[in-house]
Amino acid sequence: MYGITNCDTVRKARVWLEGHESAYRFHDFRAEGLDAKRLDNWVSKVGWEKLLNKASTTFRELPDKEKQGLDEKNAKALMLAKPTMIKRPVLEVGDRVLVGFKADVYEEAVGK
């Protein structure tokens, strides 16, 4: 699971996983960063539009110039530079990538 420790949605997802005895490793991308290869993999599976959290404080604080005309290349550069712009949590389950937390989606993916 990827996210940041002080995110409420990440906390809910972690509580759900622990309550369902699902083993996971937590990667805080604020503290540990995020590599381009992993981000490329996520983008190929779910699309940059789903990963980029335009409602995040980090994104809203960007200059308008950086927000306009976003494409995959620019969005990936922004997310690598400031991973807190990524919608959280990101959970890798086998070859699937889940973005955000919904208990029913986790239930189906994790199967516990």
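Note that the coordinates shown come from a computational prediction; the quantities given were computed from them, not determined experimentally.

Here's the deal with the overall build of the protein chain
- In terms of regular secondary structure, the protein chain is built from eight helices and four strands.
- The linear arrangement of helices and strands in the protein chain, starting from the amino end, is β-α-β-α-α-α-α-α-α-β-β-α.
- Counting only C-alpha atoms, the protein chain reaches 45 × 25 × 25 Å along its principal axes.
- Sorting the 112 residues of the protein chain into buried and exposed places 39% on the buried side.
- Considering only residue pairs separated by 6 or more positions, the protein chain has 61% of its internal contacts joining residues 24 or more positions apart.
- Summed over all atoms, the accessible surface of the protein chain reaches about 6500 Å², with 47% contributed by carbon and sulfur.
- Averaging the coordinates of the 21 positive side-chain charges in the protein chain and doing the same for the 18 negative ones gives two points 3 Å apart.

Points about the packing of aromatic side chains
- The final tally for this structure, using the stated rule, is three aromatic pairs.
- Ring centres of Phe-101 and Tyr-106 lie 4.7 Å apart, and the angle between their planes is 85°; on these two criteria the pair is classed as edge-to-face.
- Within the aromatic cluster, the residues linked to one another by ring pairs are Trp-16, Phe-101 and Tyr-106.
- For Arg-14, the ring lying beneath its charged end belongs to Phe-26, and the centroid distance is 4.1 Å.

Let's talk about the pattern of salt bridges
- A full pass over the atoms with the stated rule returns seven salt bridges.
- Here Asp-40 ties to Lys-76 by a salt bridge, and the two come within 2.7 Å at their closest N and O atoms. Note that Asp-40 is positioned in helix α3 (residues 36-46) and Lys-76 in helix α7 (residues 72-81), a separation of 36 residues in sequence.
- Judged by its relative accessible area of 36%, Asp-40 falls in the partly exposed class.

Topic: unusual backbone geometry
- Geometrically, the link from Arg-88 to Pro-89 is a cis peptide bond, its omega value of -15° lying close to zero.
- Here Pro-89 lies in the loop between α7 and β3 (90-93).
- A positive phi angle is found at Glu-21, which is not glycine, with a value near 50°.
- Within the element layout of this structure, Glu-21 appears in the loop between α1 (8-19) and β2 (27-28).

Quick notes on the rules
- Residues numbered from 1 in each chain as written.
- Predicted model: local features only at pLDDT ≥ 70, side-chain atom pairs only at ≥ 80, totals over all residues.
- Heavy atoms only, no water.
- Helix = DSSP H or I, 4+ residues; strand = E, 2+ residues; numbered from the N terminus.
- Buried < 20%, exposed > 50% of the residue type's maximum accessible area, 1.4 Å probe, protein only.
- Contact = heavy atoms within 4.5 Å.
- Areas by Shrake-Rupley, 256 points an atom, 1.4 Å probe, with all protein chains shown as cover.
- Lys, Arg positive; Asp, Glu negative; His and termini not counted.
- Charge placed at Lys NZ, Arg CZ, Asp CG, Glu CD.
- Phe/Tyr/Trp six-rings, centres within 6.5 Å; stacked < 30°, edge-to-face > 60°.
- Lys NZ or Arg CZ within 6 Å of the ring centre and 35° of its normal.
- Salt bridge = Lys/Arg side-chain N within 4 Å of Asp/Glu carboxyl O.

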